[in-house]
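# Report on the structure
Chain residues, written in single-letter form:
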Amino acid sequence: QVQLVESGGGLVQPGGSLRLSCAASGRIFSVVAMGWYRQAPGKQRELVARIPSGGTTNYADSVKGRFTISRDNAKNTVYLQMNSLKPEDTAVYFCNAEMIVRGILPGTYWGQGTQVTVSS
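All figures in this text were calculated on a predicted structure; none of them were measured in a lab.

Right, let's talk about the sheet that holds strand β8 (residues 77-82) for a bit. Here 4 strands make up an open sheet; going across it, the order is β1-β3-β8-β7 and the pairing antiparallel. Each edge of the open sheet carries a strand with a single partner, namely β1 (2-7) and β7 (67-72). The mean inter-strand angle of the sheet, taken between neighbouring strand axes irrespective of direction, is 15°. For strand β3 (residues 18-26) and β8, the ladder comprises 6 bridges, and the chain directions are antiparallel. Across the sheet, L20 pairs through a bridge with L80, a residue of β8.

Another aspect to go through is the state of the cysteines. What makes a disulfide is a covalent bond joining the sulfur atoms belonging to two cysteines. For the coordinates displayed, the defined rule picks out 1 disulfide. Residue C22 pairs covalently with C95 via a disulfide, S to S 2.0 Å. Between C22 and C95, the S-S torsion sits near -85°, and that sign places the bridge as left-handed. With C22 in strand β3 and C95 in strand β9 (residues 91-101), this residue pair connects regions lying 73 residues apart in the sequence.

This brings us to the side chain of E6. With respect to the helices, strands and loops of the structure, E6 is situated in strand β1. Put simply, E6 is tucked away with no salt bridge, and the nearest opposite charge, on R45, sits 7.9 Å away. Separated by 3.1 Å, the side chain of E6 and the backbone nitrogen of Q112 make a polar contact. Side-chain polar atoms of E6 contact the backbone nitrogen of G113, separated by 3.0 Å. Filtering out sequence-adjacent residues up to four positions away, E6 remains in contact with S21, C22, W36, Y93, F94, C95, G111, Q112, G113 and T114.

So, about the pattern of salt bridges. Side chains that differ in sign of charge can pair as their charged atoms come close. Taken as a whole and judged by the stated rule, the model has 5 salt bridges. R38 is the partner of E46 in a salt bridge, and the nearest nitrogen-oxygen pair spans 2.8 Å. Note on E46: relative accessible area 32%, which makes it partly exposed. One salt bridge in this structure joins E98 and R50, with 2.8 Å as the shortest N-O distance. Of the two residues, E98 is situated in strand β9 and R50 in strand β5 (residues 46-52); the sequence distance between them amounts to 48 residues. The class for R50 is partly exposed, based on a relative accessible area of 22%. Within the structure, one salt-bridge network assembled from shared partners comprises R38, E46, R66 and D89.

Reading the values: rules and limits
- Residues numbered from 1 in each chain as written.
- Predicted model: local features only at pLDDT ≥ 70, side-chain atom pairs only at ≥ 80, totals over all residues.
- Heavy atoms only, no water.
- Pairing = 2+ DSSP bridges.
- Helix = DSSP H or I, 4+ residues; strand = E, 2+ residues; numbered from the N terminus.
- Axes fitted to C-alpha atoms, helices over the stretch in contact; angles between N-to-C directions.
- Disulfide = S-S within 2.5 Å.
- Buried < 20%, exposed > 50% of the residue type's maximum accessible area, 1.4 Å probe, protein only.
- Lys, Arg positive; Asp, Glu negative; His and termini not counted.
- Salt bridge = Lys/Arg side-chain N within 4 Å of Asp/Glu carboxyl O.
- Polar contact = N/O pair within 3.5 Å; in protein donor to acceptor, adjacent residues only side chain to side chain.
- Contact = heavy atoms within 4.5 Å.

Put into structure tokens, the structure is as follows:
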């Protein structure tokens, strides 16, 4: 069994900043990649940023230059630093991990989500 727990969401004014964190725990054999997705009301879930192990970090065009994803591999934790936030960034942000879990077929795992609201 594994868990992904997000934290750091909240209400912020336009132009402000937030830092999201997500820690994976459990019977993890290896982490292939971690990332952040978001879903606004009435819209599909979309990729925000992804950081593979040994691969190239990628971002959605809408957040390039404003968001930064990073990892602490020893703690199986991923972060998302969000700067210059805009109202259109308002969404539920979900942590994602592609992992090999002991005794389980490799797959994708999701956190419960954390609300980010950008409003004046």
